[in-house]
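Coordinate analysis (summary)
For reference, the chains in residue letters:
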Amino acid sequence: MDKLRILGGQALAGEIQIAGAKNAALPILCAALLTDQPVQLSNLPDLQDVRTILKILMQMGLKVTFPKPDDRSVVILDASDIHTPEASYELVKTMRASILVLGPLLARFGRAKVSLPGGCAIGARPVDQHIKGLKAMGAAISIEHGYIQASFGEGHKALQGAKIVTDMITVTGTENLLMAAVLAQGKTVLENAAREPEVTDLAELLVKMGAKISGIGTDKLVIEGVAKLHGAQHAVIADRIETGTFMCAAAIMGETGADLLLKNARPDTLDAVIEKLREAGLSIKTGDNWIHVQIKQRPKAVSFRTSEYPAFPTDMQAQFMAMNAIAQGSSRVTETIFENRFMHVQELNRLGAQIAIEGNTAMTEGVNHLSGAIVMATDLRASASLVIAGLAAQGETIVDRIYHLDRGYDRMERKLAAVGANISRIQ
Ligand code: EPZ
């Protein structure tokens, strides 16, 4: 099992290329199921989760070609011969986002058999809203032997447009229902829709494929169903969470110093994160597709509560906790999206942090320094938090179980080593 070995205390300086967004790539790859014509994607990140969803799609009969030899950022998807509209437990259990095949399979083929995704480290993660919305569109859905069996309702040749208000804001729920609605008969209104940039990126691809969607970027999406969608070309939006992760890596370096130019970034999708990092004392300059961050003094502790976009993203909470651990002052962080997303806290405390949890709030007293130790990754963003802490900790930190990290970051240790970090992957 791979581990990362980090010797802390190295200043960071140089350029980092930001990859395409994992959480846009996953629904966008599933959207290729909605047409029998080729869909060409670029700026695709080379991640474990992307490889998993491609495996699931290929098992159904979707053809995947990488037109440029040894460049996995450009892919052509051909769903003209889907013979098995199913997603097996073996693959779905490794990645909950596989649920995103349900909407497109049902919309185009009128039947789908998708394993119920299990929970995961950060929470139960139910999919009741996905199912509620599809039923509102007339789908017949039963759950047996751990599988969701879905089909058009009795006597229906397609899903029916409906007015849907989800009980809470759900990112993949919005994406699943959006992909189902584009081929439904009639008009669908999705109220309380998620506004994350990755939802917008999916919607923009669907419009390029011939879908009729209005209200993109707002919490009310209106979709006029069409009979067929055609192929399209699309560049996946830059990963705002990878970008924020490297900005936190800079901030935690404090007086050791950091000076990073993040390229191919989308600062306009990071307002809440940029505001909090400026409050922490990180100098941040931005352009259309780049962010220049610098620091030369100890960061200041920042408090925040996570919430849906455009507010502070839950996927940045663990990374900020690492920075707060050695920042000047105390901070309160409240996690409102997931019920168990503080598993990085006990690992950060092993590095010398002073964090106490009360319900869904973590109180941190900044300490002068962390000291390296062996720590264990538990989920994707917790892994990133431990790497960030290791960059600043005195001595050697070993981060175990970094398969969690590889799910959502494209060779993070190489990108950090290229800007001065003493970090390497060991067996
Ligand atoms: C997406 O997960 C992201 N994953 C997550 O990123 C992200 O943390 C999350 O949105 C919140 O922003 C992808 O986009 C692939 P939700 P998702 O449905 O869609 C509850 C990462 O680190 N809920 O918006 O699964 C749910 O339990 C990952 O990249 C229901 O109760 O999250 C949670 O409390 C982690 N029933 C809240 O809503 C449902 O049917 C928000 O979940 C759906 C959701």
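Notes on the structure follow. (Residues numbered from 1 in each chain as written. Predicted model: local features only at pLDDT ≥ 70, side-chain atom pairs only at ≥ 80, totals over all residues. Heavy atoms only, no water.)

1. Overview of the packing of helix α5 (residues 128-136) against helix α6 (residues 171-181)
At their nearest, the axes of α5 and α6 sit 9 Å apart, and the two run at 25 degrees to each other. In terms of orientation, α5 lies roughly parallel with respect to α6. Judged by the sense of rotation from one axis to the other, the crossing of α5 with α6 is right-handed. On α6, the residues that touch Gln129, His130, Gly133 and Leu134 of α5 are Thr172, Gly173, Asn176, Leu177 and Ala180. In terms of residue class, the contact of α5 with α6 is made up of three nonpolar, six polar and no charged. (Axes fitted to C-alpha atoms, helices over the stretch in contact; angles between N-to-C directions. Helix = DSSP H or I, 4+ residues; strand = E, 2+ residues; numbered from the N terminus. Parallel < 35°, antiparallel > 145°, perpendicular 65-115°, else oblique. Left-handed = near helix turned anticlockwise from the far one by under 90°. Contact = heavy atoms within 4.5 Å. Nonpolar A, V, L, I, M, F, W, Y, C, P; charged D, E, K, R; others polar.)

2. A short note on the pairing of strand β16 (residues 283-286)
In this structure, β16 lies alongside strand β17 (residues 290-295), joined through four bridges in antiparallel fashion. Its bridge partner lying in β17, Thr286 is registered against Ile291. The antiparallel pairing of β16 with β17 creates a hairpin that spans three residues between the two strands. (Pairing = 2+ DSSP bridges.)

3. Quick word on the packing of aromatic side chains
According to the stated counting rule, one finds three aromatic pairs in the structure shown. A ring pair is formed by Phe304 and Phe320, whose centres lie 5.4 Å apart and whose planes are at 75 degrees; its orientation type is edge-to-face. Of this pair, Phe304 sits in strand β18 (residues 304-305) while Phe320 sits in helix α10 (residues 317-326), and the two are 16 residues apart along the sequence. Each member of the pair, Phe304 together with Phe320, is buried. Pairwise contacts between aromatic rings join Phe304, Phe312 and Phe320 into one cluster. (Phe/Tyr/Trp six-rings, centres within 6.5 Å; stacked < 30°, edge-to-face > 60°. Buried < 20%, exposed > 50% of the residue type's maximum accessible area, 1.4 Å probe, protein only.)

4. Notes on the sheet that holds strand β5 (residues 75-78)
Pairing is mixed across the open sheet formed by four strands, whose spatial order is β4-β5-β3-β14. Two strands bound the open sheet, and with one partner strand each, they are β4 (63-65) and β14 (232-235). On average, each strand axis in the sheet is tilted by 20 degrees relative to the strand beside it, whichever way the strands run. Bridge count between strand β3 (residues 39-42) and β14: four bridges; the pairing is parallel. Bridge pairing links Val39 to Ala232 in β14.

5. What about the site of the ligand?
Around the ligand sit 23 residues in total, of which Gln129, Thr170, Thr172, Asp315 and Ile337 are the nearest. Arg341 places a side-chain nitrogen or oxygen 3.3 Å from an oxygen atom of the ligand. Protein contacts shield 88% of the accessible area of the ligand, which totals 830 Å² for the unbound molecule. Of the residues forming the shell around the ligand, the biggest block, three residues, is contributed by α5. By residue class, the composition of the shell around the ligand is 10 nonpolar, six polar and seven charged. (Near = heavy atom within 4 Å. Polar contact = N/O pair within 3.5 Å; in protein donor to acceptor, adjacent residues only side chain to side chain. Areas by Shrake-Rupley, 256 points an atom, 1.4 Å probe, with all protein chains shown as cover.)

Geometric descriptors of this kind do not, in isolation, establish any biological role.
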